[in-house]
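Inside the fold
Here is what each chain is made of, one letter per residue.
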Amino acid sequence: MRRDSRSEIRNFCGGFALYEVLLGVAIFAVGVLALGRAVENCLNASTLNAEENVVQQILSNRMAEIQAARGVPDQAKEFKINSGYGLIKLIQKSVPAELTEPNKTVLNGINLVTLIAQWQRGGASQSRQIRFYVYRPG
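Residues numbered from 1 in each chain as written. Predicted model: local features only at pLDDT ≥ 70, side-chain atom pairs only at ≥ 80, totals over all residues. Heavy atoms only, no water.

Digging into the overall build of the chain
This is how it is decided: Elements are defined by DSSP. Helices are runs of H or I of four residues or more, strands are runs of E of two residues or more, and each kind is numbered from the N terminus. Think of it in three bands: with a 1.4 Å probe and only protein chains considered, a residue is buried below 20% of the maximum accessible area for its type, exposed above 50%, and partly exposed in between. Any pair of residues with heavy atoms lying within 4.5 Å of one another is described as a contacting pair. Surface exposure here means Shrake-Rupley accessible area, sampled with a 1.4 Å probe, where a residue is shielded only by the protein chains that are shown.
When its secondary structure is counted, the chain shows 1 helix and 6 strands. Counting across all 138 residues of the chain, residues that qualify as buried make up 20%. Considering only contacts in the chain between residues 6 or more positions apart, those separated by 24 or more positions represent 46%. When the accessible surface of the chain is summed, it comes to about 10500 Å², and 58% of that surface belongs to carbon and sulfur atoms.

Side note on a nonpolar patch on the surface
Where we set the bar: The patches reported here contain residues having more than 30% relative accessible area and no salt bridge. Joining distances are 9 Å for like charges and 5 Å for nonpolar side chains (Val, Leu, Ile, Met, Phe, Trp, Tyr). We define a salt bridge as a side-chain nitrogen of Lys or Arg found within 4 Å of a carboxyl oxygen belonging to Asp or Glu.
A surface patch of nonpolar side chains, about 360 Å² in accessible area, is lined by Leu18, Tyr19 and Leu22. Relative to the helices and strands, Tyr19 resides in helix H1 (residues 2–68). A relative accessible area of 61% means that Tyr19 is categorised as exposed.

A few points about the nonpolar core
Put simply, the rule is: Definition of nonpolar core: a set of buried residues of the types Ala, Val, Leu, Ile, Met, Phe, Trp, Tyr and Cys, connected through side-chain atoms within 4.5 Å.
The biggest cluster of nonpolar side chains holds 12 residues, and these are Val55, Ile58, Leu59, Ile66, Ile88, Leu90, Val113, Leu115, Ala117, Trp119, Phe132 and Val134. Those elements giving two or more residues to this core turn out to be H1, strand E2 (86–96), strand E5 (110–121) and strand E6 (124–135). If we ignore the near neighbours within four places in the chain, the residues touching Ala117 are Val55, Leu59, Ile88, Lys89, Leu90, Gln126, Ser127 and Arg128.

What about the pairing of strand E1 (residues 76–83)?
One face of the sheet, then the other: side chains in a regular strand alternate in exactly this way. To be explicit about the condition: The pairing criterion for strands is at least two bridges between them, as found by DSSP.
Of the strand pairs in this sheet, E1 and E2 are connected by 8 bridges, and their pairing is antiparallel. From the neighbouring strand, Lys80 faces E2, where its bridge partner is Lys89. If you look at the hairpin formed by E1 and E2, you'll find 2 residues sitting between the two strands.

What to know about the pairing of E5
With 9 of its 12 residues buried, E5 lies for the most part within the structure. In this structure, E2 lies alongside E5, joined through 8 bridges in antiparallel fashion. Bridge pairing links Val95 to Leu112 in E5. In this structure, the hairpin formed by E5 and E6 is closed by a connection of 2 residues, where Gly122 is found at a positive phi of approximately 60°.

Some thoughts on the sheet that holds E1
The strands making up a sheet associate through backbone hydrogen bonding, with each pair oriented either parallel or antiparallel. Here is the rule we go by: Angles here are taken between N-to-C directions and fall from 0 to 180 degrees, while the axes themselves are lines fitted to C-alpha atoms, restricted in helices to the stretch in contact.
On the basis of which strands lie adjacent, the open sheet formed by 4 strands has the order E1-E2-E5-E6 and antiparallel pairing. On the outer flanks of this sheet lie E1 and E6, each paired with one strand and no other. Each neighbouring strand pair of the sheet contributes to a mean axis angle of 20°, computed without reference to strand direction.

Points about the pattern of salt bridges
Enumeration over the complete set of coordinates arrives at 6 salt bridges. Where Glu52 meets Arg121, a salt bridge forms, and the shortest distance between an N and an O atom there is 2.8 Å. With a gap of 69 residues between them, Glu52 in helix H1 and Arg121 in strand E5 connect regions that are remote in the sequence.

If you want it as structure tokens, here you go:
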């Protein structure tokens, strides 16, 4: 009788080891899937950041061009720029700033320029804008 009970214990322990291995493999698989998802999120964030940097660079370049140019900036202008992330529409608007001194003296020759970048990301419209003043003495 003793012999039977020992073999039952051995079979029970062997089965228990198999369950431990299966549980360990399942936990490992879940961990690998979670790690893969985290890497995918990092890659997506990196791509979005690079796209935002391209848009900021386009806006900065156009601002520098306007500031370096002679004469009053154009009232309205539109550009289409093909970036590595798709087509970006750059809209330029310029209006007289109509600024005044505290003593009510009107400051002439200052324009408020607005640059707007518009593009599509995953079917959704995105836009960024910057506003700055340009002085052109008249």
